Amino acid sequence: ERASSSLYRFPLLPVRGIPLMNHIANSWDTIWAFRPDPSDILIATPQSRKVYLYKSELICVPGTLGTTWTQEIVDLLLHNGDADACKRAPTPERSPFLEIVSPPPILSGIDLMKNMDPPRIITHLPFQLVPPAFWENKCKTIYVARNAKDNMVSYYHFDCMNKTQPEPGPWEGYISKFMRGELAWGSWYDHVKGYWKEREKRNILYLFYEDMKENPRREVERIMNYLDLSLSDEVISRIAELTSFEIMKENPMANYSCIPTHVFDNSVSPFMRKGQVGDWRNHFTPEQSKMFAEDYDKKMKDVNIPFRTLI
Ligand code: A3P
């Protein structure tokens, strides 16, 4: 009861120009000063859903784009495909979010990490807001990007069901907010470009949600190689299977059913919603698609990131 009455949709406050929810913005100094272990892994994803950190490795996944999926793959890789070991706790406790600072009942990521051995995972921040100690310590960083339209659709449903995120409002206006970079965690365009431009210099593994859907086993192996692990073919195949949408949706330690209904209302939209490429076709009208594409081409003309909206 107390937890539910102290929860509300947090308004956004800018941190260095990036809109973040006010409980995050108000704790910014602590987050910025965070010193990861060199073995922490940072998982980063754009737009919000989360940023996690493993030992000396940074995994970045832009929100609603495969954060939870990548966390599960990394955890299984670090545990040699042991499914039971990876059911020791729900996702946000196994790989805490760097910038989540406890809207109850979710525990603060930094507090959780104090009591964990590296590698831990963190994320969702745009490149320029990642605490500098990550780069000083050469933490491994996995970035997961998803095409803008599916990202937006997924984020929209997430904003509807997550009662701590700002109100999404109607879909039409949501597209405009997305295009103007006004959603929590800021511009998707700048987020995906920020890590893309730094990927070689910082040795960032830059993944695409669409590639993971197309050939999960190949991408699991790619992550394994990046983390300097060597698992048997059988274990790699098992991890690809255990991290399929269908299996994770039924796994209470990976499907966010641990979060109470007054925070994540799965009756509005389940956290594990569809897990598909191309669901944007069920949301964008042809006019919206055209308008979005014209703006997209302008915003993305300085980079050539091979996003796919269908597979
Ligand atoms: P949809 O809303 O399109 O279904 P995040 O974890 O970054 O918040 O991303 C959530 C999105 O990833 C949701 O997308 C969710 O269904 C999808 N997802 C989670 N686990 C997945 C998996 N194993 N395979 C495919 N998609 C997955």
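Residues numbered from 1 in each chain as written. Predicted model: local features only at pLDDT ≥ 70, side-chain atom pairs only at ≥ 80, totals over all residues.

Novice: Any details on the overall build of the protein? Residues and values, ideally.
Specialist: Scanning the protein from N- to C-terminus turns up 15 helices and 7 strands. A separation threshold of at least 6 residues defines the contact pool for the protein, and within that pool the share at least 24 residues apart is 69%. (Helix = DSSP H or I, 4+ residues; strand = E, 2+ residues; numbered from the N terminus. Contact = placed C-beta atoms within 7 Å.)

Novice: Can you explain the environment of Asn80? Please cite residues and give values.
Specialist: Mapped onto the elements, Asn80 comes out in the loop between α4 (67-78) and α5 (91-94). C-alpha of Asn80 to C-alpha of Ser232: the two residues are 152 residues apart in sequence and 8.9 Å apart in space.

Novice: Outline the pairing of strand β6 (residues 140-145), listing residues and values.
Specialist: With 6 of its 6 residues buried, β6 lies for the most part within the structure. Side chains of β6 alternate between two faces, with Lys140, Ile142 and Val144 and Thr141, Tyr143 and Ala145 buried alike. Relative to β6, strand β3 (residues 40-45) runs parallel, the two sharing 4 bridges. Looking at the pairing, Ile43 lines up with Ile142 of β6. Bridge count between β6 and strand β7 (residues 204-208): 5 bridges; the pairing is parallel. The residue bridging Ile142 from the neighbouring strand is Leu205, located in β7. (Buried ≥ 20, exposed ≤ 12 C-beta atoms within 10 Å, placed from the backbone. Pairing = 2+ DSSP bridges.)

Novice: Account for helix α9 (residues 171-180), naming residues and giving values.
Specialist: Residues of α9 that are buried: Tyr174, Ile175 and Phe178. Projection of α9 onto a plane perpendicular to its axis shows the buried side chains occupying an angular sector of 105°, all on one side. Across α9 from its buried face, at more than 90 degrees, point the exposed residues Glu172, Gly173 and Arg180. At its buried positions, α9 is contacted by α8 (148-161), α10 (188-198) and α15 (286-299). Just downstream of α9 lies Gly181, where phi reads positive at about 70°. (Arc of directions from axis to C-beta.)

Novice: Please provide a residue-by-residue account of the environment of Asp40, values included.
Specialist: Note on placement: Asp40 falls in strand β3. Residue Asp40 is classed as buried on the basis of its C-beta count, with 30 C-beta atoms lying within 10 Å. As for Asp40 and Arg217, which are separated by 177 residues in sequence, their C-alpha atoms are 24 Å apart.

Novice: For the packing of helix α12 (residues 216-226) against helix α13 (residues 233-242), give the residues involved together with the corresponding values.
Specialist: Two elements in contact, α12 and α13, have axes whose closest approach is 9 Å; the angle formed by their N-to-C orientations is 115°. In the crossing of α12 with α13, the sense of the turn from one axis to the other is right-handed. Across the interface between the two elements, Pro216, Arg217, Val220, Glu221 and Met224 of α12 pack against Ile236, Ser237, Ile239 and Ala240 of α13. Class assignment of the residues belonging to the contact of α12 with α13 gives a composition of 6 nonpolar, 1 polar and 2 charged. (Axes fitted to C-alpha atoms, helices over the stretch in contact; angles between N-to-C directions. Left-handed = near helix turned anticlockwise from the far one by under 90°. Nonpolar A, V, L, I, M, F, W, Y, C, P; charged D, E, K, R; others polar.)

Novice: Explain the packing of α4 against α12 residue by residue, including any values.
Specialist: With their axes 10 Å apart at the nearest point, α4 and α12 run at an angle of 60° to one another. Relative to α12, the element α4 is oriented oblique. Between α4 and α12 lies a crossing whose hand is right-handed. Seen from α4, the contacting residues are Ile73, Val74 and Leu77; seen from α12, they are Val220, Ile223 and Met224. Across the contact of α4 with α12, the residue classes break down as 6 nonpolar, no polar and no charged. (Parallel < 35°, antiparallel > 145°, perpendicular 65-115°, else oblique.)

Novice: Could you give me a rundown of the environment of Leu20, with the residues and numbers involved?
Specialist: Summarising the element assignment, Leu20 is placed in strand β2 (residues 18-21). Taking C-alpha positions, Leu20 is 9.1 Å from Phe10, a pair spaced 10 residues apart along the chain. Ignoring any residue separated from it by four or fewer positions in sequence, one finds Leu20 in contact with Leu12, Leu13, Val15, Ala25, Ala184 and Trp185.

Novice: Run through the confidence of the model for the protein, naming residues and quoting values.
Specialist: Put simply, the protein has an average pLDDT of 87, and 89% of its residues get 70 or more. Across residues 48-57 the pLDDT falls below 50, and counting only partners more than four positions away or on other chains, this stretch makes 83 contacts in the model. Here residues 60-64 is modelled with pLDDT under 50, and outside its nearest four sequence neighbours on either side it reaches 46 contacts, counting other chains as well. In the predicted assembly, ipTM is 0.99 and pTM is 0.91. (pLDDT = per-residue confidence, 0-100.)

Novice: Account for unusual backbone geometry, with residues named and values stated.
Specialist: Working note: non-glycine residues mostly have negative phi, and peptide bonds are mostly trans. Going from Pro118 to Pro119, the amide bond is cis rather than trans, its omega being 0°. In this structure, Pro119 sits in the loop between α6 (109-114) and β5 (122-123). Despite not being glycine, Asp228 shows a phi value in the positive range, around 60°. With respect to the secondary-structure elements, Asp228 resides in the loop between α12 and α13. According to the C-beta neighbour criterion, Asp228 is exposed, with 8 such atoms within 10 Å.

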